[in-house]
Each structure stands twice: as C-alpha cells, then as structure tokens.
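# Breakdown of the fold
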Amino acid sequence: MHELGVTFYVVKDVKKVAKENKVDKIDFVTLEIGEVSGVIHDQLIDCWNWARKKETVTESAELNIETLEAITFCEDCQAEYRTVDYGKICPYCKSENTYLLRGNEFNIKEIGVYDEDDEES
Amino acid sequence: MKKVKIIEVHENVFNSNNVAAEELRHELKDKGVYMLNVMSSPGSGKTTALSKLINILKDEYRIGVMDVDIETSLDAQKVADLTGVRALQIHNGGLCHIDAEMTSKAIEEFGVDDLDIVFLENIGNLVCPAEFDTGAHRNMMILSVPEGDDKPLKYPLMFSVCDLVIISKIDTMEFFDFDMDKAKSNILRLNPKASIIPVSAKTGEGMEELAKWIRAQL
Ligand SMILES: Nc1nc2c(ncn2[C@@H]2O[C@H](COP(=O)(O)OP(=O)(O)OP(=O)(O)O)[C@@H](O)[C@H]2O)c(=O)[nH]1
Ligand SMILES: [Mg+2]
Ligand SMILES: [Zn+2]
C-alpha cells in the first residue's frame, strides 16, 4: 500500500523533470533507496509497472533501484557501523545511544533517454 | 549502438510535498487558522478523543474537523453529531495517507476563513502518514494502552514527527501489561521534545490537560 503512494510521487516528479528537459519519452528511471527506508523493492517495481502505463512519457520507462548502505553512529564510543548488521545496539561498546546517519533515502537519482539518431560518433 | 542521455535529478521524492506543505502552512497562518494533524493506528481513539476535546474547546474557539477515511463518511458525521461543529469527510481514493496537496484541496472545499482551529483526522496507519507532511502546524498522535508500550520502537518515524503524543484509553491500564514509564522513555529517546499526555476519553481523565496544551499553541 505504501509503495503505491510513493509511486505517484515518483511519476509526478519524473514527469516534471521530463517536461523541464523537453523530453517526451523516458526509457529508464533510477532511484536511490536507503537500506532501511522500509520500501519493498519488488512491490515498488510492481506499482511502477502499473502506474507508468498511464502516461505516454513514462509508459516504456524501466525502474532501476540502487541501494544505499545504512550506517548508524554511536554517541558513546563515536563509532560508525552497518545498521543492517547490528540494529540499534553498538557492536563495539553495546550502547543503545545510537542514531541513524544515513540509509533512509528515497531519491530520484536520474532519468535516462536512449538517443536513436546518433550524430556525434 | 544506442546513445544514452542521462538527466541527473538527485531529488528527494518527498521534496515536492514538503514544499507544498510549507506553502499551505503559511497560507493558513496568514488567515489566522491553526491546523492540527491527528494520527494513530486504526481504532486508537482519534474520533472519540477529538470529540471530547472539541466539546471542551468549542466555546472558546471556532473549530472545524476534516476526517480522512478510505470508504465511509462515518467519522465526520460522528464528530458533527457529538460536538455540533462543522465537519468534512475527505475521500482520498484508497491511498494510505493524505498529502499536502490533498489537504489543500480539502481546505478549499471546506472553507476555513471563519475558523480558528482545524483538526485533521488522518488515516489510521502508523507508517505512511508520518512520511507526508500535510501542512499542519502541529502533529499529534495517539498511542492507546492496548497497543503496547513498544510501539515507539517499531514505528520510530511516526513518533519522531509528532509534537504531542497522547497516550489514550488509560482507563484500561489494569487489563494490559502497559508500562507507562517505559512508553514515555521510548518516546522521549526518539523525540526528546515531544509532549506526552495520558488521557482517557471515557472517564475524561487528562482531557483538561490536553485542552491546555492546545490553548498554549495558539
Ligand atoms: N475504554 C476506552 N475506550 C475508548 C477510549 N477512546 C476510544 N475508545 C473506544 O475505542 C474504539 C475506537 O475509537 P475511535 O475513536 O473510533 O478510534 P479511531 O482512532 O477514530 O478509529 P479509526 O478512525 O477507525 O482509525 C471505540 O469503541 C471507542 O469507544 C478510551 O479512552 N477508553
Ligand atoms: Mg476515527
Ligand atoms: Zn559504541
């Protein structure tokens, strides 16, 4: 359910970027999603494949997802560690006094268009 | 071979909503209207607590309520019946949340120029509404005793975006293993600035303190 809501935002933003760049058909969209953003990639792709057909500009665009590693910082021993491996508890000093540095992202990285008539080379 | 043209975007997907929310917040402020977004799991007691709260405040302020529900118009009708204030049901087409643009449209339809306070009862859901700024001036959420004191640990984002956490249904404390101190410390660890007010909409306990919190925001 959540993935569908988010998909509409991706479509909206992608359409806006396409218009600004005078592109009328997009071939792929690349997202950057943090490991702990809670988004389920397969579901997001299913939603995208359903939603993209509603607009000419997105209809043939594949969705690529790049995962960004999640890192947590420990306030007590100042260490950084992989969130997915250890969660909230610092593996070095066992403190719970930790917070997420990154890994929550949900960004549109880029959109791509295949250029059929290749003039330059 | 096909050449690829790449258009770099590097934009947070929630950005456009955040911008729209900021605009709505300003617009309402200029009109002197204060909006509160109320979130919780399904059935935590949003409609009941809001109705009680409105009955305490309605002689001091001009109040309106907007209820988001997936299908029915039960809640808006219920609040209107219980309090006599103006209520609007927002149908959001089955989405898991309401965003700033939908809220803006609803505000326009509702007409808020004659109001001091608008309560927005969001969809019962602890995940998605937390990610979408509605344009409200304050966020409050309701955690009811039967749900358990571990909810802040499981839904951290929701508890981080709230200015006020109401712990509701405290009249049922004796039936559940709900540790009030643990709940409070779980909330404050995520969100040290959060206000926490335990209430029972059934017995009325804590409702006056809740009303006081609202008055202090205006
Ligand atoms: N014992 C007790 N029951 C309560 C209290 N507040 C609400 N309830 C009951 O909890 C149930 C759900 O309350 P609602 O106010 O409809 O909850 P809600 O959050 O608006 O529900 P949705 O809009 O469906 O998500 C009802 O049966 C209420 O009577 C309370 O303080 N104590
Ligand atoms: Mg309700
Ligand atoms: Zn440590």
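No experiment lies behind these values; they were computed from the predicted model shown. Throughout this description, residue numbers start from 1 for each chain and increase along the sequence as written. By the order in which they are written, chains take letters starting at A while ligands take numbers starting at 1. The predicted nature of this model means local features are confined to residues of pLDDT at least 70 and side-chain atom pairs, given and counted, to a pLDDT of 80 or more, with totals for whole chains, interfaces and linings taken over all residues. Side-chain calculation: all heavy atoms of the structure are included, whereas hydrogens and water are not.

### Observations regarding the overall build of chain B
- When helices and strands are counted, chain B shows nine helices and eight strands.
- As a reference, a globule follows 2.2 Å times the number of residues to the power 0.38, and the radius of gyration itself is taken over C-alpha atoms. In summary, chain B has a C-alpha radius of gyration of 18 Å against a globular reference of 17 Å for 218 residues, a match within 12%.
- When the 218 residues of chain B are sorted by exposure, 53% land in the buried category.
- For chain B, the proportion of contacts with a sequence separation of at least 24, taken over those separated by at least 6, is 74%.
- Method for areas: the Shrake-Rupley scheme with a 1.4 Å probe, in which residue coverage is limited to the protein chains shown. When the accessible surface of chain B is summed, it comes to about 10000 Å², and 51% of that surface belongs to carbon and sulfur atoms.
- By the counting scheme adopted, Arg and Lys are positive, Glu and Asp are negative, and His together with the chain ends is not counted. To locate a charge, take atom NZ for lysine, CZ for arginine, CG for aspartate or CD for glutamate. Treating the 24 positive side-chain charges of chain B as one cloud and the 35 negative ones as another, the clouds have centres 3 Å apart. Secondary structure elements are taken from DSSP: a helix is a run of H or I of four residues or more, a strand is a run of E of two residues or more, and numbering for both begins at the N terminus. Burial classes: relative accessible area under 20% of the type maximum marks a residue as buried, over 50% as exposed, and values in between as partly exposed (1.4 Å probe, protein chains only). For this analysis, residues touch if any pair of their heavy atoms sits within 4.5 Å.

### Some remarks on the interface of chain A and chain B
- The interface of chain A with chain B comprises 30 residues on the first partner and 26 residues on the second.
- Computed with a 1.4 Å rolling probe, the buried area is the accessible surface lost when two parts are put together, summed over both parts. In this assembly, chain A packs against chain B so that about 2700 Å² is buried in total across both faces, 56% of it on carbon and sulfur atoms.
- One speaks of a salt bridge when a side-chain nitrogen belonging to Lys or Arg is within 4 Å of a carboxyl oxygen belonging to Asp or Glu. Where chain A touches chain B, the interface holds three salt bridges.
- Among the salt bridges present, the one from A:Lys16 reaches B:Glu11, with a minimum N-O distance of 3.9 Å.
- Polar contacts here mean pairs of N or O atoms no more than 3.5 Å apart (in protein, one a potential hydrogen donor and the other a potential acceptor; neighbouring residues in sequence count only if both atoms are side-chain atoms). In this structure, the connection of chain A to chain B is made through 12 residue pairs in polar contact (both at pLDDT 80 or more).
- When residues of the side of chain A that touches chain B are traced back to their parent elements, those giving at least two are α1 (2-20), β1 (28-34) and β6 (106-115) of chain A.
- Amino acids are sorted into nonpolar (Ala, Val, Leu, Ile, Met, Phe, Trp, Tyr, Cys and Pro), charged (Asp, Glu, Lys and Arg) and polar (every other residue, Gly among them). Of the residues belonging to the side of chain A that touches chain B, the class tally is 13 nonpolar, five polar and 12 charged.
- Should DSSP find at least two bridges between two strands, the strands are regarded as paired. Relative to strand β1 (residues 3-12) of chain B, β6(A) is paired through eight bridges, and the arrangement is antiparallel. By the bridge assignment for β1(B), A:Asp115 is matched with B:Lys3.

### Regarding the site of ligand 1
Residues and elements named next belong to chain B.
- Any residue with a heavy atom lying within 4 Å of a molecule or strand is counted as near it. Around ligand 1 there are 16 residues in total, and Lys46, Thr47, Thr48, Asp171 and Ala201 lie nearest to it.
- Here Gly43 contributes a backbone N or O atom positioned 3.0 Å from an oxygen atom of ligand 1.
- Looking at the shell around ligand 1, the element that brings in the most residues is helix α2 (residues 46-57), giving three residues.

### Considerations on the pairing of strand β6 (residues 138-144) of chain B
All names here are of chain B.
- Most of β6 is tucked away: six of the seven residues are buried.
- For strand β2 (residues 34-40) and β6, the ladder comprises five bridges, and the chain directions are parallel. Paired with Val38 across the strands is Met140, a residue of β6.
- Relative to strand β7 (residues 164-168), β6 runs parallel, the two being bridged by five bridges. Considered in β7, the bridge of Ser144 is made with Ser168.

### What to know about the sheet that holds strand β8 (residues 195-198) of chain B
Residue and element names in this part refer to chain B.
- Taken in spatial order, the seven strands make up an open sheet running β4-β3-β5-β2-β6-β7-β8, and their pairing is parallel. Whereas interior strands pair on both sides, the edge strands pair on one side only; in this sheet they are β4 (86-91) and β8. Averaged over all neighbouring strand pairs, the angle between strand axes comes to 20 degrees, with direction disregarded.
- Docked against the sheet, helix α8 (residues 180-190) engages β7 and β8, running at close to 155 degrees with respect to β8.
- Axis definition: a line fitted to C-alpha atoms, limited for helices to the stretch in contact. Angles are taken between N-to-C directions and run from 0 to 180 degrees. Across the sheet, helix α9 (residues 207-217) lies against β2, β5 (117-124), β6, β7 and β8, angled at about 150 degrees from β8, the strand it touches most.

### Side note on the coordination of the zinc ion (ligand 3)
All names here are of chain A.
- Coordination partners: N, O, S within 2.8 Å of the metal, 3.2 Å for Na, K and Ca; water not considered, so apparent gaps in a site are possible. In this structure, Cys74 (SG), Cys77 (SG), Cys90 (SG) and Cys93 (SG) serve as the protein donors to the zinc ion (ligand 3), at separations of 2.2 to 2.3 Å.
- A four-donor site is classed as tetrahedral when every donor-metal-donor angle falls between 85 and 135 degrees; four donors are called square planar, and six octahedral, when trans pairs exceed 155 degrees and all remaining angles lie between 65 and 115, with any other arrangement labelled irregular. In this structure, the zinc ion (ligand 3) is coordinated by four donor atoms arranged in tetrahedral fashion, with angles at the metal of 105 to 115 degrees.
- In primary-sequence terms, the residues that donate to the zinc ion (ligand 3) follow C-x2-C-x12-C-x2-C.
- Given a relative accessible area of 1%, Cys90 falls into the buried group.
- Judged by relative accessible area, Cys93 falls into the partly exposed class, the value being 34%.

### Some thoughts on α8(B)
- Within α8(B), the full set of buried residues consists of B:Met180, B:Ala183, B:Asn186 and B:Ile187. Viewed end-on, α8(B) has its buried residues packed into an arc of 130 degrees, placing them on one side of the element. The arc in question is the one traced by the directions running from the helix axis out to the C-beta atoms.

### Overview of the pattern of salt bridges
- If you walk through the whole model with that rule in mind, you get 19 salt bridges over all chains.
- The salt bridge partner of A:Lys25 is A:Glu59, with a shortest N-O separation of 2.9 Å. With A:Lys25 in the loop between α1 and β1 and A:Glu59 in the loop between α2 (41-51) and β2 (62-68), the pair connects residues that are 34 residues apart, well separated along the chain.
- A relative accessible area of 36% places A:Glu59 in the partly exposed class.
- For B:Lys105, the salt bridge goes to B:Glu101, with nearest N and O atoms at 3.8 Å. Remark: B:Glu101 and B:Lys105 occur in helix α4 (residues 100-110); sequence separation between them is four residues, near one turn of the helix.
- What makes B:Lys105 exposed here is its relative accessible area of 56%.
- A cluster of three or more residues bridged by salt bridges with shared partners is formed by A:Glu35, A:Glu69, A:Arg82 and A:Asp85.

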